[in-house]
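Each chain, letter by letter, is given below.
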Number of protein chains: 2
Amino acid sequence: MSFEPLDCHIDDGLKSLLGKWKIPILIQLRAQQVLRFSDLYRALPGITKKMLTQTLKELEEDDLVNRKVYPVVPPKVEYQLSAHGQELIPTLDALHAWGIAHSAHLAHKQHRHD
Amino acid sequence: MSFEPLDCHIDDGLKSLLGKWKIPILIQLRAQQVLRFSDLYRALPGITKKMLTQTLKELEEDDLVNRKVYPVVPPKVEYQLSAHGQELIPTLDALHAWGIAHSAHLAHKQHRHD
DNA sequence: CGGAATCCCTAGGGATACTG
DNA sequence: CAGTATCCCTAGGGATTCCG
């Protein structure tokens, strides 16, 4: 692994993770394998359908997520990590574990300053 | 490691990484150990001094980065990952490696569609 | 159920100039 | 060198309504 000071490829790739809901959605899909639109909608308190639709579309365009439509009525659409998206799993796990630990760390700091 | 559908702690901690420049700055600090303000300024093409100042301040408040001021003239200020910030290193490495691979993946896809 | 279409708003961030 | 201080703007999102 190389670390040059001006390694701008980082930012290029990382753009696919930018946005308020990208990582939370990916973490849900990593945890649950396959989720329907409404599953994700419920799993992400605060998201709107518009943002969910839009973010899923972007993730699909970046080849991180696969979308599967069942031609039934009422509609049924499933989302899951694509093959390429699964390469993100170690990263998502690291993010997930650190997020929890860091959240606790901040809470502890906060507590000390009450 | 637990994965509950509504694990909102993720988002809490992850907030500290939100923003256009947080992760790029952290990756620079992970790679170089210690950097001065102007080092970071040069290492991050496109950032403004305002954003650099502001983002470093937020990272410091989240206890991810330490700031060391030398009382000399001209001013000298050094930044490095804090002890707690170093817990992010595995995550940053994962992000860094994936960012490069993903960037290549997208470029390849793009190429095929020319 | 899984969206699409509108309208709307503000805060995140850019550009520039100045300072101890 | 390492920031402040201002002004400014738009695009990323929020809320709501409608649709097959």
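The name given to chain A in an unreviewed UniProt entry is MarR family transcriptional regulator, and the organism recorded there is Ligilactobacillus saerimneri 30a.

Draft legend 1. Representation of the pairing of strand 2 (residues 65-70) of chain B. All names here are of chain B. With six bridges connecting them, strand 2 and strand 3 (residues 76-81) associate as antiparallel partners. Considered in strand 3, the bridge of Lys68 is made with Glu78. Between strand 2 and strand 3, which pair antiparallel and follow one another directly, the connecting turn spans five residues.

Draft legend 2. Focus on the protein's contact with DNA strand C. Taken together, 18 residues form the shell around DNA strand C, and within it Ser38(A), Arg67(A), Tyr79(A), Lys20(B) and Lys50(B) come nearest. Near the protein, meaning within 4 Å, the atoms of DNA strand C are sugar or phosphate in a fraction of 59%, with bases accounting for the rest. For DNA strand C, a sugar or linking oxygen lies 3.2 Å from a polar atom in the backbone of Pro75(A). Looking at the surface near DNA strand C, the elements that each hand over two or more residues are helix 3 (37-43), helix 4 (49-61) and strand 3 (76-81) of chain A together with helix 4 (49-61) of chain B.

Draft legend 3. Molecular detail of unusual backbone geometry. Residue and element names in this part refer to chain A. The linkage connecting Val73 with the following residue, Pro74, adopts the cis geometry, with an omega of 5°. Note that Pro74 resides in the loop between strand 2 (65-70) and strand 3. Even without being a glycine, Asp63 presents a positive backbone phi close to 60°. Within the fold, Asp63 resides in the loop between helix 4 and strand 2.

About the thresholds
Residues numbered from 1 in each chain as written. Chains lettered and ligands numbered in written order. Predicted model: local features only at pLDDT ≥ 70, side-chain atom pairs only at ≥ 80, totals over all residues. Heavy atoms only, no water. Pairing = 2+ DSSP bridges. Helix = DSSP H or I, 4+ residues; strand = E, 2+ residues; numbered from the N terminus. Near = heavy atom within 4 Å. Polar contact = N/O pair within 3.5 Å; in protein donor to acceptor, adjacent residues only side chain to side chain.

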